[in-house]
Amino acid sequence: MIVSELKPMEEIVGYLEGESKVFLVGCNGCAEACQTGGSKQVIEMKQKLEELGKKVTGYCVVDFLCNKILVRVKLLSYQDAILNADSLLIMTCGIGTQAVANAIHKPVHPACNTINLGGSRGEWPGSERCLECGDCVLDYTGGICPLTVCAKYLINGPCGGAKEGRCEVEPDVRPCGWQLIYERLKAVDRLDVMRKMVPPKNYSKMSPPKYIRSTIMWDVEQEEAKV
Amino acid sequence: MNLRETLKSGKFTVTAEVGPPKGIDTRDFLEKADLLKDRVCAVNVTDQQSAVMRLGSLAGCVLLRERGIEPVFQMTCRDRNRIALQSDLLNASVLGIENVLCITGDHMALGDHPQAKPVFDIDSVSLLQAAREMEHGQDMNGIELQGSPHFFLGASVTPGADPLEPQLIKMEKKVKAGAQFFQTQAVYEPDKFEEFMQEAKKFGVPVLVGIVLVKSAGMARYMNKNVAGVHVPDDLIEGLEKAENKLQKGIEIAARLIKEMRDMCQGVHIMAIGLESQVPAILDAAGL
């Protein structure tokens, strides 16, 4: 699940300055769930833009804009309306916006901000987050990720900034991550691992490795090139 | 005697700190430092304290050194990655700065540039290790240095943290990493500090107890609400409230705390937060 929110209308209108015709693209995936890019919001956006004097040449809502092949097939059926527009306004997350930009030779504008979840939560609805750092340290932190739970990404223990178990950054919503780790380790009788001198992290592993960067689409294109 | 020698001699050691200006007018900064010159062993120069952008610690340290004041270069891990931190350690060394206090740093969310990208590439433990490695002639990746620096490395600890154990675990790691002295967060409860020192003395590294001059009941309450690991007891707040001359009362409190705790540790680190001119009065009252 990727969480998005609609940008302020003034910002969106600013993007469209100097353009009169726009095509809208929504997404029936996460953006529909977030009520930022489902059919309802796309139609509302159409009305708002028309009230502001813009011509909306058409709109479509794709099931999962992050599915690149689906995006290409779907947009094909709206070819005329899209070609007739100056640009496309994409009402979804950053991935969907990039997918559309990659599928079509037209300017695209993002209508949404993708909200940082402090590390991906995957499908899990709880507070456990993963930064996808490529160098997991959960073994010596009691199964609590210090990179997502500590505001300072500390890996060797707490700073002096916690007050009554709360983090100095947003104490109302953030517990001190290291206090959680300490309590967990103590509870499972593994406090000794907190004494381990943890070496600095290898942040070069935080970029996707080469084999991940090659996508299914990339593979298809490679095959096509051979024909 | 410099800070290293004074602590080694076993003499009760006094340090203080000054914050560089936000801007380039250093007159006030230097005036305050001058007032400390003959009364303290060394003066810390804070590093963008409270995450507020200002003149850097290293430049401040060089200015103090030029005036014959021994500086302690404070380095936070907030704003620089490992390349910049190691480079600044080398910079400090060629500029004649030996004392380095390695700390995590307040989060930028608390400062005047909350939009900044948090760095926190390495933590205070790793920074201490990096400095130690450099003394052995190599950088963090084991690559040989052309001439190795020499440091006297400090770290910080919060004696009033609750729970205390994680702080002690990290303190021990800092010692292992290379910390040669500690300057603590502000302490107002000597009995709690004694409990802390019972554990901390096992590490065999000198501890300078932190004293923050509290100048009003309002400031005390503010610290109780907002400053981690600091608790000003109610009777002290009451005393400040009743006192006609609040500043004088604050000086008395600071002096009394120093007297009560001086036998428990190896020195005192006075953080006057703008009232550096009062440090001599505190020391006089404490008999130092």
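Here the structure is a predicted model, which means the values were calculated and not measured. (Residues numbered from 1 in each chain as written. Chains lettered and ligands numbered in written order. Predicted model: local features only at pLDDT ≥ 70, side-chain atom pairs only at ≥ 80, totals over all residues.)

1. Looking at the overall build of chain A
Here comes step 1: Counting secondary structure elements, chain A contains 10 helices and six strands.
Here comes step 2: Considered along the principal axes of its C-alpha atoms, chain A spans approximately 65 × 50 × 25 Å.
Here comes step 3: Per-residue burial over chain A gives 34% buried out of 227 residues. (Helix = DSSP H or I, 4+ residues; strand = E, 2+ residues; numbered from the N terminus. Buried ≥ 20, exposed ≤ 12 C-beta atoms within 10 Å, placed from the backbone.)

2. What to know about unusual backbone geometry
Residue and element names in this part refer to chain B.
Here comes step 1: With an omega dihedral of 5°, the bond running from Asp162 to Pro163 counts as a cis peptide bond.
Here comes step 2: One can find Pro163 in the loop between strand S5 (152-157) and helix H6 (165-177).
Here comes step 3: The phi torsion at Phe120 lies on the positive side, around 40°, for a residue other than glycine.
Here comes step 4: Considering the arrangement of structural elements, one finds Phe120 in the loop between strand S4 (99-103) and helix H5 (124-135).
Here comes step 5: Judged by C-beta crowding, with 24 C-beta atoms within 10 Å, Phe120 ranks as buried.
Here comes step 6: Its identity as a non-glycine residue notwithstanding, Ile273 has a phi of 45°, on the positive side.
Here comes step 7: By secondary structure assignment, the location of Ile273 is in the loop between strand S8 (267-271) and helix H11 (279-286).
Here comes step 8: A residue is classified by how many C-beta atoms lie within 10 Å of it, and Ile273, with 18 of them, is partly exposed.

3. Concerning the packing of helix H4 (residues 68-76) of chain A against helix H6 (residues 94-103) of chain A
All names here are of chain A.
Here comes step 1: Their axes nearest at 10 Å, the elements H4 and H6 cross at an angle of 55°. Viewed along their axes, H4 and H6 adopt a mutual orientation that is oblique. As H4 runs across H6, the sense of the crossing is right-handed. Each of Lys68, Val71, Arg72 and Leu75 in H4 lies in contact with H6, whose residues at this interface are Ala99, Val100 and Ala103. (Axes fitted to C-alpha atoms, helices over the stretch in contact; angles between N-to-C directions. Parallel < 35°, antiparallel > 145°, perpendicular 65-115°, else oblique. Left-handed = near helix turned anticlockwise from the far one by under 90°. Contact = placed C-beta atoms within 7 Å.)

4. Topic: the confidence of the model for chain B
Here comes step 1: On average, residues of chain B score 96 in pLDDT, and 100% of them are at 70 or above.
Here comes step 2: The ipTM for the predicted assembly is 0.91, set against a pTM of 0.89. (pLDDT = per-residue confidence, 0-100.)

5. Remarks on the packing of H5 of chain B against H6 of chain B
How two helices sit against one another is set out by the angle between their axes and by the gap between those axes.
All names here are of chain B.
Here comes step 1: Relative orientation of the contacting elements H5 and H6 amounts to 15°, with a least axis distance of 8 Å. Between H5 and H6, the angle is such that the two are roughly parallel. Relative to H6, the crossing made by H5 is right-handed. Residues Ser124, Val125, Leu128, Gln129 and Arg132 of H5 form the contact with H6, whose participating residues are Lys173, Lys174 and Ala177.
Here comes step 2: In the contact of H5 with H6, the residues fall into three nonpolar, two polar and three charged. (Nonpolar A, V, L, I, M, F, W, Y, C, P; charged D, E, K, R; others polar.)

6. A word on the pairing of strand S1 (residues 13-18) of chain B
Residue and element names in this part refer to chain B.
Here comes step 1: Among the six residues that make up S1, six are buried, leaving the element largely enclosed by the rest of the structure.
Here comes step 2: Neither face of S1 is left uncovered, since the one carrying Thr13, Thr15 and Glu17 and the one carrying Val14, Ala16 and Val18 both have all their residues buried.
Here comes step 3: Of the pairings in the sheet, the one linking S1 to S8 comprises four bridges and is parallel in character. When the bridges of S8 are listed, Thr15 appears paired with His269.
Here comes step 4: Of the strand pairs in this sheet, S1 and strand S2 (residues 42-45) are connected by four bridges, and their pairing is parallel. In the strand pairing of S2, Ala16 is matched with Val43. (Pairing = 2+ DSSP bridges.)

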